[in-house]
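Residue-level structure breakdown
Here is how the chains run, residue by residue.
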Amino acid sequence: MNLLESIVLGIIQGITEFLPISSSGHLVLLQNFFGIQEGNLFFTVMLHLGTLISIMVVYFNDIIKIIVEFLKLILSIFKGNKPNNLNKYQKLGLLIIVASIPTAVIGFLFEDFFESLYSSLIPIGFAFIITGFLLWFSEKKAFQNKNIKNVSLFDALLIGTAQGIAIIPGISRSGSTIVAGLLRGLNKPLATEYSFLLALPVTFGASLLKIIDVVKSDAEVLISFPLFLGVIVSTIVGIISIKFLINLLNRNKLYYFSYYLWVLGIIVIISQLI
């Protein structure tokens, strides 16, 4: 892995992980059309950790408050107190945990099926198109305006299920969770923040499992300057991508990505049929 490849892959990871265009789908396209390889498993894990850092930087204050307040809630329960009204951060922490359950279940049960989808570009092309329609629909239709107090555990389960389905290459994780949140009536700022915060346990858990795979398989673990550079680039680009997406959502421009995904999906499908 040279410096240029690490920079390119860091940029790709930082952009596609957070913009609703599917990082997994673009990775497959890069490998098939342009010959850009993902690199060794350890390098891939570190790039994902770079984007995890991006979320922690953007939402640092909220993450700290969620951790502190949720620990207070647990301590209160152990002391025998019955929680009545959860504050914003306690509720958000609970919703993140609940939503992570269906995501983990789907990932474990259908891992082999999802892996098989990486072998063909036509399903990925259709997945791009479907993601585009979901973004368009959610942006064009008016929904409710739920705040954190009105979000139910059922809402969290549905959003977590959408996140699990997004393991399919071509289906965007951020796009599917934001769309699911909007469809369930969450206001846009909450749907966006909730989507990104949901990525924390998923990204950390997936990275931990991959690190275990690296250890078990005796795969190459090379600590080098290109590695650090790739992580730094993915982190910086990830921060920019998060803020860019938040800006577009606030301006009701989420559907802009639909045009890109429709064109890309059609091109991918046609390229495989001719």
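Now for a quick tour of the structure. (Residues numbered from 1 in each chain as written. Predicted model: local features only at pLDDT ≥ 70, side-chain atom pairs only at ≥ 80, totals over all residues. Heavy atoms only, no water.)

**A few points about the pattern of salt bridges**
Filter applied, for reference: The term salt bridge refers to a side-chain nitrogen of Lys or Arg lying within 4 Å of a carboxyl oxygen of Asp or Glu. Where helices and strands are cited, they refer to DSSP runs of H or I of at least four residues and of E of at least two residues respectively, numbered from the N terminus.
According to the stated counting rule, one finds 3 salt bridges in the structure shown. Here Lys72 and Glu69 are joined by a salt bridge, their closest N and O atoms 3.6 Å apart. In this pair, Lys72 and Glu69 both sit in helix H4 (residues 60–78), 3 residues apart, roughly one turn of the helix.

**Focus on a negative patch on the surface**
Here is the rule we go by: The patches described consist of residues with a relative accessible area above 30% and no salt bridge, like charges being joined within 9 Å and nonpolar side chains (Val, Leu, Ile, Met, Phe, Trp, Tyr) within 5 Å. We get accessible surface area from the Shrake-Rupley algorithm with a probe of 1.4 Å; when it comes to residues, only the shown protein chains can shield them. Within this scheme the basic residues Lys and Arg register as positive and the acidic residues Asp and Glu register as negative, but His and the chain ends are omitted. Think of each charge as sitting on NZ of Lys, CZ of Arg, CG of Asp or CD of Glu. Here's how the labels work: a residue is buried when its accessible area is under 20% of the maximum for its type, exposed when over 50%, partly exposed in between, all with a 1.4 Å probe on protein chains only.
Residues Glu111, Asp112, Glu115 and Asp213 make up a contiguous surface patch of negative charge. At 3 residues, the largest contribution of residues to the negative patch is made by helix H6 (residues 111–116). Considering the arrangement of structural elements, one finds Asp213 in helix H10 (residues 188–217). Given the relative accessible area of 41%, Asp213 is considered partly exposed.

**Concerning the nonpolar core**
Side chains of nonpolar character tend, in soluble globular proteins, to be buried together. Worth spelling out the cut-off: In this text, buried Ala, Val, Leu, Ile, Met, Phe, Trp, Tyr and Cys residues form a nonpolar core when linked through side-chain atoms within 4.5 Å. Contacts were defined at the residue level, with two residues in contact if any of their heavy atoms lie within 4.5 Å.
The biggest cluster of nonpolar side chains holds 47 residues, and the ones touching the most others in it are Ile55, Tyr194, Leu197, Leu245 and Phe257. At 8 residues, the largest contribution of residues to this core is made by H10. Residue contacts for Tyr194: discarding those within four places in its chain leaves Leu92, Leu95, Ile96, Ala99, Ala156, Ile159 and Leu186. The next biggest cluster of nonpolar side chains, apart from the first, holds 6 residues, and it includes Leu9, Phe43, Leu227 and Val231.

**What to know about the layout of surface pockets**
If a probe the size of a water molecule is rolled over the atoms, the empty space left behind becomes visible. Inclusion rule: In this analysis a 1.4 Å probe is tested at points of a 1 Å grid over the protein atoms alone, and where it fits but cannot get out there is a cavity; an open set with protein on both sides within 12 Å along at least five of seven lines is a pocket; lining residues have an atom within 4 Å of a point. Grid points are joined across faces, edges and corners, and a volume is the space filled by probe spheres set on the points. Residues are grouped as follows: nonpolar covers Ala, Val, Leu, Ile, Met, Phe, Trp, Tyr, Cys and Pro; charged covers Asp, Glu, Lys and Arg; every other residue, Gly included, is treated as polar.
There is about 1500 Å³ of room inside the largest pocket. For the lining of the largest pocket, the secondary-structure elements that each account for two or more residues are helix H1 (3–18), helix H2 (23–34), helix H3 (41–58), helix H5 (88–109), H6 and H10. A total of 9 residues in the lining of the largest pocket trace back to one element, the largest contributor, which is H10. Taken together, the residues of the lining of the largest pocket sort by class into 18 nonpolar, 18 polar and 7 charged. Lining the second largest pocket are 14 residues, with Ile66, Ile67, Ile96, Leu200 and Pro201 sitting closest to its centre. When contributions to the lining of the second largest pocket are tallied by element, the ones reaching two or more residues are H3, H4, H5 and H10. Here the residues of the lining of the second largest pocket are counted per class, giving 12 nonpolar, 2 polar and no charged.

**Regarding H5**
Note the cut-off: By definition here, a helix of n residues has an expected span of 1.5 Å times n minus one. In the analysis that follows, any N or O atom pair within 3.5 Å is treated as a polar contact, provided that within protein one partner can donate a hydrogen and the other can accept it, and provided that, for residues neighboring in sequence, both atoms belong to side chains.
Between the first and last C-alpha of H5 there are 32 Å, a value that for 22 residues agrees with the 32 Å anticipated at 1.5 Å per step. At the N-terminal end of H5, a side-chain oxygen is found 3.1 Å from the backbone nitrogen of Tyr89, two or three residues along, and the residue is Asn87.

**Side note on the packing of helix H7 (residues 121–140) against helix H12 (residues 256–273)**
Spelled out, the test is: A fitted line through C-alpha atoms serves as each axis, taken over the contacting stretch for helices, and the angle formed by two N-to-C directions is quoted from 0 to 180°. Here roughly perpendicular refers to angles of 65 to 115 degrees, roughly parallel to angles under 35, roughly antiparallel to angles over 145, and oblique to all remaining angles. Each crossing gets its hand from how the near helix is turned against the far one by less than a right angle, where anticlockwise is left-handed and clockwise is right-handed.
Viewed as axis vectors pointing N to C, H7 and H12 meet at an angle of 160°, and their least axial separation amounts to 8 Å. One element, H7, and the other, H12, form an angle in the roughly antiparallel class. The crossing of H7 and H12 is left-handed. Taking contact as the criterion, the partners of Leu121, Ile122, Gly125, Phe126, Phe128, Ile129, Thr131, Gly132, Phe133, Leu135 and Trp136 in H7 are, on H12, Phe257, Ser258, Tyr259, Leu261, Trp262, Leu264, Gly265, Ile266, Val268, Ile269, Gln272 and Leu273. Residue composition of the contact of H7 with H12, by class: 17 nonpolar, 6 polar and no charged.

**What to know about the side chain of Thr203**
Tracing the chain through its elements places Thr203 in helix H10. Take Thr203: its relative accessible area is 8%, and that puts it in the buried class.

**Topic: the packing of aromatic side chains**
Quick note on the threshold: Any two rings among Phe, Tyr and Trp, with Trp reduced to its six-membered ring, count as a pair given centres within 6.5 Å; such a pair is stacked if its planes are under 30 degrees apart, edge-to-face if over 60, and tilted if neither.
As enumerated under the stated definition, the model contains 11 aromatic pairs in all. Ring geometry for Phe113 and Phe114: centres 5.8 Å apart, planes at 50°, overall tilted. Owing to a relative accessible area of 45%, Phe113 belongs among the partly exposed residues under this scheme. On the numbers, 6.0 Å between centres and 80° between planes, the contact of Tyr259 with Trp262 is edge-to-face. Separated by 3 residues within a single helix, Tyr259 and Trp262 lie in helix H12, roughly one turn from each other. Taking relative accessible area as the criterion, Trp262 reaches 19% and is therefore assigned buried. In textbook terms, an aromatic cluster arises when at least three aromatic residues are bridged by ring pairs, as seen for Phe133, Trp136, Tyr255, Tyr256, Tyr259 and Trp262.

**Brief notes about the side chain of Ser172**
Along the chain, Ser172 turns up in the loop between helix H8 (153–165) and helix H9 (173–183). At 3.3 Å, the side chain of Ser172 forms a polar contact with the side chain of Ser174. Only 2.9 Å separates the side chain of Ser172 from the backbone nitrogen of Gly175, close enough to count as a polar contact. Excluding residues within four positions of it along the chain, Ser172 makes contact with Leu19, Pro20, Ile21, Ser22, Thr131 and Ala166.

**Quick look at unusual backbone geometry**
Positive phi values are uncommon outside glycine, yet Ser22 reaches one of about 75°. Of note in this structure, Asn252 is not a glycine but carries a positive phi near 55°. Residue placement: Asn252 occurs in the loop between helix H11 (225–250) and H12.

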